[in-house]
Amino acid sequence: MTEKNLLLAIFEDIDPAARAVDKLRELGVTDEHVTVISGTPITEAMLGRKPQWSNVTRFALGGAFVGLCVGIFLAYGTPQLYPIVVNARWIGVPPTIVVMFELTMLLMLISTFLGVFLDSRFPNYTPTEYVPEISDGRIALLIECAGELERAVESAMHAIGAESVKRAQAEAL
Amino acid sequence: MAISASALPHAHAEEHHAHDHEAELRREHLMLDPKPRGELNAMVMESMTSTSWKFWVVAGILAVIVAVALFGAWGYMISEGLYLSGKNRPGYWSLFLVHTVFWVGISHAGTFVSALLRVFKVEFRRPFTRAAELMTTFALAQAGIQIFAHMGRVWLAYWMFPIPNQRQLWVNFQSPLMWDFLAINTYLLASTMYLFLPLIPDLAMARDRSTGWRKSVYRILALGFRGTEAEWTHLRIALNIFAFAILPVMFSVHTIVSWDFAVAMRPGWSSTIFGPYFVIGALQSGVAAVGMVVIVIRYTMKHMDYFIRKEHFDAIGKLMLVISMGWAYFFFNDYMIQWYGGDSFTDALLHFHEAGPGGWIWFMMLITNVAIPWLVLWNKAWRRNPVLLFSVGLLINVGMWAERYIIVPVSLQINRMPFLWGQDFRPGIEVPIFIGTVAFFVLLYMLASRFLPLVPVWEVQEGQMAHSIRRYGKEPVVSVAELE
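Residues numbered from 1 in each chain as written. Chains lettered and ligands numbered in written order. Predicted model: local features only at pLDDT ≥ 70, side-chain atom pairs only at ≥ 80, totals over all residues. Heavy atoms only, no water.

### With respect to the overall build of chain B
For chain B, the count of helices and strands is 18 helices and two strands. Taken over the C-alpha trace, chain B has a radius of gyration of 25 Å; the compact-globule value for 484 residues is 23 Å, and the two agree within 12%. Along the longest, intermediate and shortest principal axes, the C-alpha atoms of chain B span 85 × 75 × 40 Å. Long-range pairs, those at least 24 residues apart, make up 80% of the contacts in chain B between residues at least 6 apart in sequence. Accessible area for chain B stands at about 20300 Å²; split by element, carbon and sulfur atoms hold 68% of it. Distance from the positive charge centre (37 side chains) to the negative charge centre (33 side chains) of chain B: 5 Å. (Helix = DSSP H or I, 4+ residues; strand = E, 2+ residues; numbered from the N terminus. Rg over C-alpha atoms; globule rule 2.2 N^0.38 Å. Contact = heavy atoms within 4.5 Å. Areas by Shrake-Rupley, 256 points an atom, 1.4 Å probe, with all protein chains shown as cover. Lys, Arg positive; Asp, Glu negative; His and termini not counted. Charge placed at Lys NZ, Arg CZ, Asp CG, Glu CD.)

Set out below in structure tokens:
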């Protein structure tokens, strides 16, 4: 099996980072083996990369559906279990819409929130590849490459304008 | 006839003018005056960590007020009974409900400023969205305290939860009070999550730049955020969902609060327009409170003069003016229909509002909510004056308190049973409890300002990246790219 190395290339600006992504492709490092890390959101389009997969919308829709079901159960189901018939009236529809709406929205937003946690694997306190300069505006490319490519990748990154290229070390954040 | 001659402007004079204009644009707009990210981070960190002794003196005084006026008075009321409050026939709801509505109203500002302006990509929102979101969470906590105090036997609050109890008395989901419970809790949870999500990258920034106990706490709260493409994507999608979804929740909360009154067949309350009238009232008090908070932050916290500028006062002032016009429209609409209805009890109530013992409060409400904002906020120079803007914000909040006072205890005096009519309302222990919640709100905000980055640095930097100045002919014009 080929040895894999992790390199961390730090760029000051987005333009050299975008050129570096192209250069890595030329060298045979595919997008799946490059992780972009930045302190400000950088869209995939800015670096010419494929959009990231996210399940957050699916979590939201799932949560909304579950919330609606819970709302229906509370508004229509529980009065069957604990009947309180007031003034010979049973369950009016308009008030139940309020209950269903609130629970649909509540569960949708909770699942969206949890979706971010699950998709991003939060919380994660294990040591990881990171440098604090990233939150100061630097853009980092975490490159997974075969051992024989390491030297070529390193010199290409330097040639494009990387501030530093080094072996990535997993450290406690 | 005197003839004056002047030289035609030279090209370099025009050039000079264009440069002046460009410099003025940069001075005026935060988005056009970028600084390196490291410098922005350092400024925000320093604003949190530079605390003078005066801060702690004020915090100490507020803590004493909270202990005595809020928890002391509340504990005394619990031990002695609800008779200490102004609750009496026919004013059963007293000031607790006035203050609940007041705090729920203040809480609307955070969502309005943050979510609605995010949906419409309004750029001036960026530096103070978090300051507004914090208001939402802390104001809802005060609203909750008022509700619990109003309950009397607060330890039985769990009866509101849908848990079968030994008496088999299931909660009634067809009651507006139950909808209130659901709506306020949904809003509290949603706004807290909406506060936390965009805070994660800033907590990670704070983690990277701090040491000691602060680093440990920020490390836990930042959840291991690094800023990978995937993390940003999930965050961006979630924030978009929240921004769109929390708006109908916000509208539902104050509409449902209004239904506590509007579904009752009482003169002055039974009104189909009460929902939107309450929502615009909430925005009126909330946006005014945002204006006040932004001014206090700007002048009391280090480096905030860079982030909060006159352009922000101007924008908030315009919002306050437009919302004040909206409030006047809904107020008059509600008043007009009730007045035209000809119902004798409603006529008596409307007359009582204006000419009863509390008539001056009704006129004060109109002066502070309509006359003063309209007279002051139309003027650009006055909108940009922090003392004037703060004063108008404060007066609007006094006016909005008065509006709720008229709707609850004053309106309860006149009902459909003249033998139960009252004349005047005597407030009781609710007053110190309210003062305590005001102190608690300010204290929570002050403590949060020492620990949470009040300015969302990554959002500010993102905005600065999107803005640029280009020339249209010789005129510098601002252009904004859509980066998302």
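### Details of the overall build of chain A
Looking only at helices and strands, chain A has five helices and six strands in total. On C-alpha atoms alone, chain A measures out to a radius of gyration of 25 Å, which is more than a quarter above the 16 Å that the 2.2 N^0.38 rule sets for 173 residues. Expressed along its principal axes, the backbone C-alpha trace of chain A runs to roughly 85 × 30 × 30 Å. Out of the 173 residues in chain A, the part that is buried amounts to 49%. Put simply, of all contacts in chain A between residues at least 6 apart along the chain, 81% involve residues at least 24 apart. Positive and negative charge centroids in chain A, built from 13 and 20 side chains respectively, lie 5 Å apart. (Buried < 20%, exposed > 50% of the residue type's maximum accessible area, 1.4 Å probe, protein only.)

### What to know about a nonpolar patch on the surface
Residue and element names in this part refer to chain B. On the surface, Phe332, Met336, Ile337, Trp339 and Tyr340 cluster together into a nonpolar patch covering about 610 Å² of accessible area. With respect to the helices and strands, the residue Met336 is situated in helix H12 (residues 310-341). You can call Met336 partly exposed: its relative accessible area is 32%. (Patch = residues over 30% accessible without salt bridge, like charges linked within 9 Å, V, L, I, M, F, W, Y side chains within 5 Å. Salt bridge = Lys/Arg side-chain N within 4 Å of Asp/Glu carboxyl O.)

### Focus: the pattern of salt bridges
Enumeration over the complete set of coordinates arrives at 26 salt bridges over all chains. Linking Glu459 of chain B and Arg125 of chain B is a salt bridge whose minimum nitrogen-to-oxygen distance equals 3.6 Å. A residue pair is termed long-range when its members are at least 10 positions apart, and Glu459 of chain B in helix H18 (residues 457-466) and Arg125 of chain B in the loop between helix H4 (94-119) and helix H5 (129-151) qualify at 334 residues. Accessibility classification places Glu459 of chain B together with Arg125 of chain B in one group, the buried group. In this structure, the salt-bridge partner of Arg404 of chain B is Glu403 of chain B, at a minimum N-O distance of 3.4 Å. Look at Arg404 of chain B and you get buried, because its relative accessible area is 3%. Put simply, Asp22, Arg25, Asp31 and Arg49 of chain A together with Glu229 of chain B are held in one network by salt bridges that share partners.

### Thoughts on the interface of chain A and chain B
Each partner contributes residues to the interface: chain A has 56 residues there, and chain B has 55 residues. The largest per-residue losses of area from chain A upon contact with chain B belong to Tyr82, Tyr125 and Leu173 of chain A, which jointly make up 13% of the total buried on that side. Remark: the boundary between chain A and chain B carries three salt bridges. Across the salt bridge formed by Glu229 of chain B and Arg49 of chain A, the nearest N and O atoms sit 2.7 Å from each other. Taken together, chain A and chain B are joined by 22 residue pairs in polar contact (both at pLDDT 80 or more). Of all the secondary-structure elements, those providing two or more residues to the side of chain A that touches chain B are strand S2 (34-38), helix H2 (44-47), helix H3 (56-81), helix H4 (93-120) and strand S3 (128-129) of chain A. Counting residues per element, the side of chain A that touches chain B draws most heavily on H4 of chain A, at 16 residues. (Buried area = accessible area lost by both parts, 1.4 Å probe. Polar contact = N/O pair within 3.5 Å; in protein donor to acceptor, adjacent residues only side chain to side chain.)

### Quick word on the domain arrangement of chain A
Along its sequence, chain A is carved into domain 1 (4-53 + 126-171) and domain 2 (56-120). Using only C-alpha atoms to locate each centre, domain 1 of chain A and domain 2 of chain A end up separated by 45 Å. (Domains from an automatic or database assignment.)

### Description of the packing of aromatic side chains
Residues and elements named next belong to chain B. This structure, assessed with the given rule, holds 39 aromatic pairs over all chains. When the ring of Phe102 is compared with that of Trp103, the centres are 5.5 Å apart and the planes differ by 80°; the resulting orientation is edge-to-face. Across this residue pair, the class does not change: Phe102 and Trp103 are buried. The ring of Trp269 carries the charged tip of Arg266 above its face, separated from the ring centre by 5.3 Å. The aromatic ring of Phe55 is capped on one face by Arg450, whose charged end is 4.8 Å from the ring centroid. (Phe/Tyr/Trp six-rings, centres within 6.5 Å; stacked < 30°, edge-to-face > 60°. Lys NZ or Arg CZ within 6 Å of the ring centre and 35° of its normal.)

### What to know about the pairing of strand S2 (residues 475-480) of chain B
Residue and element names in this part refer to chain B. Where strand S1 (residues 467-472) and S2 come together, six bridges link them in antiparallel fashion. Residue pairing across strands places Ile469 opposite Val478, the latter belonging to S2. A loop of two residues connects S1 with S2, the two strands running antiparallel in sequence, and Gly473 in this loop sits at a positive phi of about 70°. (Pairing = 2+ DSSP bridges.)

### Points about the confidence of the model for chain B
Mean pLDDT for chain B: 91, with 95% of residues reaching 70 or above. Of the two predicted TM-score estimates for the complex, the pTM is 0.92 and the ipTM is 0.94. (pLDDT = per-residue confidence, 0-100.)

### Examining helix H9 (residues 229-262) of chain B
Residues and elements named next belong to chain B. An ideal rise of 1.5 Å per residue puts 50 Å on 34 residues; H9 measures up with 49 Å between its terminal C-alpha atoms. Taking the largest bend as the criterion, H9 deviates by roughly 25°, centred on Ile246, and proline Pro248 comes between one and four positions later. Taking burial as the measure, the 34 residues of H9 include 26 buried ones, the bulk of the element. (Expected span 1.5 Å × (residues − 1). Bend = angle between axes of the 7 residues up to and from the residue.)

### What about the environment of His108 of chain B?
Residues and elements named next belong to chain B. For His108, the location among the structural elements is in helix H4. The spacing of His108 and Thr137 is 29 residues in sequence and 9.8 Å in space, taken between C-alpha atoms. For His108, the contacting residues outside a window of four places in its chain are Tyr187, Met250, Val253, His254, Ala282 and Leu283.

### Here we look at H18 of chain B
Of all 10 residues that make up H18 of chain B, nine are buried, and the element is covered over most of its length. If you check which residues of H18 of chain B are buried, you get Val457, Trp458, Glu459, Val460, Gln461, Glu462, Gly463, Gln464 and Ala466 of chain B.

### A look at the side chain of Glu133 of chain B
By the element assignment, Glu133 of chain B lies in helix H5. For the buried Glu133 of chain B, which has no salt bridge, the nearest side chain bearing the opposite charge is Arg118 of chain B, at an N-O separation of 4.5 Å.

### Some remarks on unusual backbone geometry
For the bond running from Phe122 of chain A to Pro123 of chain A, omega is -10°, close enough to zero to count as cis. As for its placement among the helices and strands, Pro123 of chain A is situated in the loop between H4 and S3. That bond from Arg89 of chain B to Pro90 of chain B is cis: its omega, 0°, falls within 30 degrees of zero. Of note, Pro90 of chain B is situated in the loop between helix H3 (53-80) and H4. Positive phi is not limited to glycine here, since Leu223 of chain B has a value of about 65°. By the element assignment, Leu223 of chain B lies in the loop between helix H8 (212-222) and H9. Residues other than glycine seldom take positive phi values, yet His303 of chain B does so here, at roughly 70°. Its place among the elements puts His303 of chain B in the loop between helix H10 (274-300) and helix H11 (304-307). Overall, the relative accessible area of 24% leaves His303 of chain B in the partly exposed class.

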